[in-house]
Amino acid sequence: MKIGDYVSMITNKWQQHNEWMEFPEDPPVLLGIVVDLIQIPGNSLFMAKVLESDGLIFIYPSNKLEVTF
């Protein structure tokens, strides 16, 4: 994931921890475009600032997002 990617929220808890898993019955929810990535100090987790279609920016953990093509 990088700045400028269009992302979706992963709704299935198993898939959030195992990116290779897919669950067609739990489709991702389209969010918006990544405008910034923030690394949490002392942790390998990244947070993504996402510009949503309503013009608001929200921050999500990167493990709950996937790039949508």
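Look a little higher up for the structure.
Quick caveat, the model's predicted, so the values are computed rather than measured.

### Describing the sheet that holds strand β5 (residues 65-67)
Here is step 1 of the chain: Here five strands make up an open sheet; going across it, the order is β4-β3-β2-β1-β5 and the pairing antiparallel. The outermost strands of the open sheet, each flanked by one partner alone, are β4 (57-61) and β5. Taken pair by pair, the neighbouring strands of this sheet meet at an average axis angle of 45°, ignoring direction.
Here is step 2 of the chain: Looking at chain direction, strand β2 (residues 29-39) and strand β3 (residues 46-52) are connected through seven bridges and run antiparallel. Note on β3: the bridge partner recorded for Leu37 is Ala48.

### A word on the pairing of β2
Here is step 1 of the chain: Judged from the four bridges that link them, strand β1 (residues 6-9) and β2 form a sheet pairing that is antiparallel. In the strand pairing of β2, Tyr6 is matched with Ile33.

### Here's the deal with the environment of Asn43
Here is step 1 of the chain: Here Asn43 is to be found in the loop between β2 and β3.
Here is step 2 of the chain: The class of Asn43 is partly exposed, set by a relative accessible area of 39%.
Here is step 3 of the chain: A distance of 3.1 Å separates a polar atom in the side chain of Asn43 from the backbone nitrogen of Leu45.

### Brief notes about the environment of Gly32
Here is step 1 of the chain: The residue Gly32 is located in strand β2 in this model.
Here is step 2 of the chain: In this structure the C-alpha to C-alpha distance between Gly32 and Gly55, which are 23 residues apart in sequence, comes to 9.5 Å.

### Here's the deal with a nonpolar patch on the surface
Here is step 1 of the chain: Taken together, the side chains of Tyr6, Leu30, Ile33, Val35, Leu51 and Ile57 define a hydrophobic patch exposed on the protein surface, amounting to about 500 Å² of accessible area.
Here is step 2 of the chain: Take the nonpolar patch: its biggest share by element is three residues, from β2.
Here is step 3 of the chain: With respect to the helices and strands, Tyr6 occurs in strand β1.

### Some thoughts on the nonpolar core
Here is step 1 of the chain: Core analysis: the largest hydrophobic core is formed by eight residues, namely Val7, Met9, Leu31, Val34, Ala48, Val50, Tyr60 and Leu65.
Here is step 2 of the chain: Listing elements by their share of this core, those giving two or more residues are β1, β2 and β3.
Here is step 3 of the chain: In this structure, Val50 is in contact with Val7, Leu31, Gly32, Ile33, Val34, Leu56, Ile57, Phe58, Tyr60 and Leu65, ignoring residues within four places of it in sequence.

Reading the values: the criteria
- Residues numbered from 1 in each chain as written.
- Predicted model: local features only at pLDDT ≥ 70, side-chain atom pairs only at ≥ 80, totals over all residues.
- Heavy atoms only, no water.
- Pairing = 2+ DSSP bridges.
- Helix = DSSP H or I, 4+ residues; strand = E, 2+ residues; numbered from the N terminus.
- Axes fitted to C-alpha atoms, helices over the stretch in contact; angles between N-to-C directions.
- Buried < 20%, exposed > 50% of the residue type's maximum accessible area, 1.4 Å probe, protein only.
- Polar contact = N/O pair within 3.5 Å; in protein donor to acceptor, adjacent residues only side chain to side chain.
- Patch = residues over 30% accessible without salt bridge, like charges linked within 9 Å, V, L, I, M, F, W, Y side chains within 5 Å.
- Areas by Shrake-Rupley, 256 points an atom, 1.4 Å probe, with all protein chains shown as cover.
- Salt bridge = Lys/Arg side-chain N within 4 Å of Asp/Glu carboxyl O.
- Core = buried A, V, L, I, M, F, W, Y, C linked by side-chain atoms within 4.5 Å.
- Contact = heavy atoms within 4.5 Å.

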